[in-house]
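What follows is the residue order along each chain.
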Amino acid sequence: MSGKTYPYSAATALAQSLGKIDQETQAVVPPIHVATTYLRGTDNSYPNGRVYSRADNPTYQPVEALLCQLEQGHEALLFGSGMAAATAVFQGLRPGDHVLAPKVMYWSLRNWLLNFATDWGLQIEFIDMTDVDTLARHLQPQRTKLVWLETPGNPLWCVSDIAAIAEHAHAAGAKVAVDSTCATPLLSQPLVLGADIVMHSATKYLNGHSDVIAGALITARDDAYWQRIRLVRSQGGAVPSPHDAAQLLRGMRTMHLRVRESCSTAQFIAEQLEQHEAVAEVLYPGLPSFAGHAIARQQMHGGFGGMLSVRLRDGAAAAIHVAAHTRLWKRATSLGGVESLIEHRASIEGTGTPCPDDLLRMSCGIEDKHELLEDFLQALKTFI
Ligand code: PLP
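Residues numbered from 1 in each chain as written. Predicted model: local features only at pLDDT ≥ 70, side-chain atom pairs only at ≥ 80, totals over all residues. Heavy atoms only, no water.

Per an unreviewed UniProt entry, the protein chain is named Cystathionine gamma-synthase, and its organism is Pseudidiomarina halophila. Of the protein chain, the UniProt comment under Cofactor (unreviewed entry) reads exactly: "pyridoxal 5'-phosphate". Per UniProt, the comment on the protein chain under Sequence similarities (unreviewed entry) is "Belongs to the trans-sulfuration enzymes family." (UniProt positions renumbered as here; feature names shortened; annotations may be inferred.)

Right, here's the structure in full:
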């Protein structure tokens, strides 16, 4: 399933789902396989290698092949959610293994690490992943087994230097896994930059329509660690339904158009709001004033993502009030869908969050960007 063979661009790969035609029916869209089990041959073997659907439903294959191609990986695995994919990476480790993770990361995964992974014996340290020297200081050669990155990192959009971190981590004997959900496979390819595993919440930009929960991992190579992760999936059973996998593939076929539009809107809104008197700070990797901009320019291509955060001068009350007065921006959690979402992020993250309480997280969809800006500005006016 190696992703280095398709000769066309990402746009063509996505639109045509790698140009695959169903051999049996000549259908241009692959079938949904609902069977949970497969026939044994009279010689007691499984002629096409499939035994039971929890491990290998054929509906996953086109999605996994496409992800492998986009990320230039060796193999991809679909999971029942982004969290299932991410936690499989940690479940592949052993008690006593040391892990470095960012202070700023998807809050639910951070909570899972604190609530479960530490109880099971992982030694987890949360550090500032925007600073390569800090990372280098915290690596424990041969004891640190995994460096987990999320870049841009939710919800402050901190940027980590994947190539530099991979170099240090590998020298210490650690693997690097990257949650690249918000960069998407179109803007950044962590495996090409030296990471070992890339993770996506496919619920977000890959599907793009806020109607499927799914996740994915893509590996640079097959090794003992990856085989263990593969077992976490097949034995633990955190797989998507075939119908969700098919719906995910349909969403992916327009991802390049959606991501381009979301990036363009986010850049426009970030630039406009940066000037506004009610705004204390705009956090967006595409702004030259943003701390991670230089690294983002090196490792992101074609845009800086569809996510931005805005901090309001008048604090939490203003942020909650503004979110309550938008009409087009829908007040909901999640991101990466065609509809734009706004969220007072500290409210959902709870205690221990690094998210300031004056911050609104905004996921830019594919609506008209001028209308989106106007809508936010009118909501802002109701507070001033
Ligand atoms: N990673 C990031 C950056 C996310 O934003 C999310 C969900 O919001 C996840 C992982 C978890 O994905 P899922 O909701 O599909 O489990």
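Draft legend 1. Region of the structure containing the site of the ligand. Close contacts around the ligand come from 14 residues, with G82, M83, D179, T203 and K204 the closest. Take S201: an N or O atom from its side chain is 2.9 Å from an oxygen atom of the ligand. With the chains in place, 92% of the 390 Å² that the ligand exposes on its own is no longer accessible. Elements with a minimum of two residues in the shell around the ligand: α4 (82-91) and β6 (197-201). Across the shell around the ligand, the residue classes break down as five nonpolar, six polar and three charged. (Near = heavy atom within 4 Å. Polar contact = N/O pair within 3.5 Å; in protein donor to acceptor, adjacent residues only side chain to side chain. Areas by Shrake-Rupley, 256 points an atom, 1.4 Å probe, with all protein chains shown as cover. Helix = DSSP H or I, 4+ residues; strand = E, 2+ residues; numbered from the N terminus. Nonpolar A, V, L, I, M, F, W, Y, C, P; charged D, E, K, R; others polar.)

Draft legend 2. A look at the pattern of salt bridges. Scanning the entire structure with this criterion turns up 10 salt bridges. Two residues, R233 and E64, come together in a salt bridge whose shortest N-O distance is 3.2 Å. Pair noted here: R233 is in helix α9 (residues 224-236) and E64 is in helix α3 (residues 60-71), with a separation of 169 residues, a long-range link. With respect to burial, R233 and E64 carry one shared label: buried. (Salt bridge = Lys/Arg side-chain N within 4 Å of Asp/Glu carboxyl O. Buried < 20%, exposed > 50% of the residue type's maximum accessible area, 1.4 Å probe, protein only.)

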